[in-house]
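Below, each chain spelled out in residue letters.
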Amino acid sequence: MRARRVILALTCCVWAATVQTACAQESIGQDNIGQDSTEKAIEKYRHMLSDDPWSNPGLLDVDRGESLWKTPAGPNKVSLETCDLGKGAGVVDGAFAELPRYFADADRVMDLETRLLWCMEKLQGFKHADLIKNPYPRGGQPTKDLGAIAVYIANKSSGMTFAAKLDKPKEKEAVALGHAIFFRRQGPHDFACAACHGESGKRIRLQGLPHLTKPALISSKAPRAEKSQLRG
Amino acid sequence: MRNLALVTAALVLVGPFAARAADKPAVDPAKVDAAVIAAFPTAPPEWHSRFVQDETMKECSLHENSPPKAVADAIQKRERARIEYPADGKLVGDWKEGEKLAQSGYGLRFTDYPPRRVNGGNCYACHQLTKAEVSYGTIGPSLLGYGKVRNFSEADTKAVYEKIYDAQAAYPCSNMPRFGANKVLTVDQIKDLVALVMSPESPVNK
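Residues numbered from 1 in each chain as written. Chains lettered and ligands numbered in written order. Predicted model: local features only at pLDDT ≥ 70, side-chain atom pairs only at ≥ 80, totals over all residues. Heavy atoms only, no water.

Moving on: the overall build of chain B. On a plain count of helices and strands, chain B comes out with nine helices and zero strands. Listing the helices and strands of chain B from first to last along the sequence gives α-α-α-α-α-α-α-α-α. In chain B, which comprises 206 residues, the proportion classed as buried is 53%. Within chain B, contacts between residues at least 6 apart in sequence are counted, and of these 58% link residues at least 24 apart. (Helix = DSSP H or I, 4+ residues; strand = E, 2+ residues; numbered from the N terminus. Buried < 20%, exposed > 50% of the residue type's maximum accessible area, 1.4 Å probe, protein only. Contact = heavy atoms within 4.5 Å.)

Encoded structure:
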């Protein structure tokens, strides 16, 4: 399942850039031709959002996610508040920062969404197949419920540094597999994650590319440069 | 959800990297293949070739794009042999068509079946090309003025054709797609892109 996420990420990212140029072009002056000035204009946009957090549309999902987490649902009519995200039943503060991790009850390594699905099945009684039927919102559609809950949980680690320990045997196995997939090139464009995320300070069109082999701070409300969609 | 999933994927990859940069993770490539295939349970049969790596992809994956010299030489030789040249010997097409192809990222994405347009080259995703287009990526070097600074030379024109046809013929494990060799672009499309990069009339060289 973790491997699946990595691959899904690939299908999302690859060529994502092609559809998202128009509005960004408006927000940076046409005279900004040099790479540095382009970078600065994008940076300014991000600052505007962080200076005034209420201008950030992602916060709506945080609120929606909190209410979904706390509202009884599913055949069993219970909330997710007793879900163990790794730091004990119901503990949400800092939980995201330590995921993914090995869960003995499931005997596997799980990331946040995998664990949330697990709790929805085991606690609330939902069927797995139903939960994963249409996992992603279509273009322009709002974040799905699972996404909103995940954003709420991630926001409870906002400002922390990723600190998954990943020292148990199954965790090490998962990391090694992820490492290999990160560099695995395939498909008609020869892409691997490393092509776009292996270096700092690179962009696809105007979209900054995170350097994923570097530890990062968690900011659960950084929107993309061009759209009002939420990301990490 | 989509983006959160991305982040968690990142998370898996982040922590331990710095520490393990030197030592190779011991993973059976067959296991990696299996994980990739298992990730697409509903993939239609015509997509299955996407999971299969050719020799060059395998080597570049294994060596994380820094192949030792012998491997690099073998890749270069193999990829060089794959380059097909235009039957009429003319390497330069129409830069206006080339500009359209450089802008277009259409083609071969999961949402592009059945194809409704010709494939694009999406060069702007990775390269700066013209002054007018300010939305460009930086994975590849800037190509602004590329032909002009090379005096529009014949040797460089041929090198650009070869670069677009098969980037790894000159640069093993390059992050640039092998557009011709992988049948993403046709010979005629590549000629139009050569014109965009190399012809004196092209805005790239103005």
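After that view, the rundown keeps rolling.
Helix and strand counts for chain A come out as nine helices and four strands. Secondary structure elements in chain A, listed N-terminal to C-terminal, are α-α-α-α-β-β-α-α-α-α-α-β-β. Across the 232 residues in chain A, those meeting the buried criterion constitute 48%. Once local pairs closer than 6 in sequence are excluded, the contacts in chain A between residues at least 24 apart make up 59%.

Here the focus is the environment of Trp69 of chain A. Residue and element names in this part refer to chain A. Tracing the chain through its elements places Trp69 in helix α4 (residues 58-70). Trp69 sits 107 residues away from Ala176 along the chain, and the two C-alpha atoms are 33 Å apart. Sequence-distant contacts of Trp69, that is, excluding residues within four places in its chain, are made with Ser79, Leu80, Glu81, Cys83, Leu85, Val92, Leu116, Ile149, Tyr152 and Ile153.

All names here are of chain B. One can find Val134 in the loop between α6 (95-103) and α7 (146-149). Owing to a relative accessible area of 1%, Val134 belongs among the buried residues under this scheme. Note: C-alpha distance between Val134 and Tyr124 (ten residues apart in sequence) is 9.3 Å.

Side chains that are nonpolar tend, in soluble globular proteins, to be buried together. Trp69, Leu85, Phe96, Leu112, Leu116, Ile149 and Ile153 of chain A are the most contacted members of the largest nonpolar core, which has 29 residues in total. When contributions to this core are tallied by element, the ones reaching two or more residues are α4, α5 (112-122) and α7 (145-155) of chain A. (Core = buried A, V, L, I, M, F, W, Y, C linked by side-chain atoms within 4.5 Å.)

The next point concerns the pattern of salt bridges. Opposite charge on two side chains allows them to pair when their charged atoms are near. Within the structure shown, the criterion is met by 22 salt bridges over all chains. Salt-bridge contacts for Glu98 of chain A lead to Arg101 of chain A; the nearest nitrogen and oxygen are separated by 3.2 Å. Exposure class is identical for Glu98 of chain A and Arg101 of chain A. Each is buried. Across the pair Asp73 of chain B and Lys69 of chain B runs a salt bridge whose closest N-O atoms are separated by 2.7 Å. With a gap of four residues between them, Asp73 of chain B and Lys69 of chain B both fall in helix α5 (residues 69-80), about one helical turn apart. A residue is classified by how much of its surface remains accessible, and Asp73 of chain B, at 36% relative accessible area, is partly exposed. It is possible to trace a salt-bridge network through shared partners that takes in Asp190 of chain A together with Asp54, Glu79, Arg82 and Arg178 of chain B. (Salt bridge = Lys/Arg side-chain N within 4 Å of Asp/Glu carboxyl O.)

Just distances and angles here, no functional claims.
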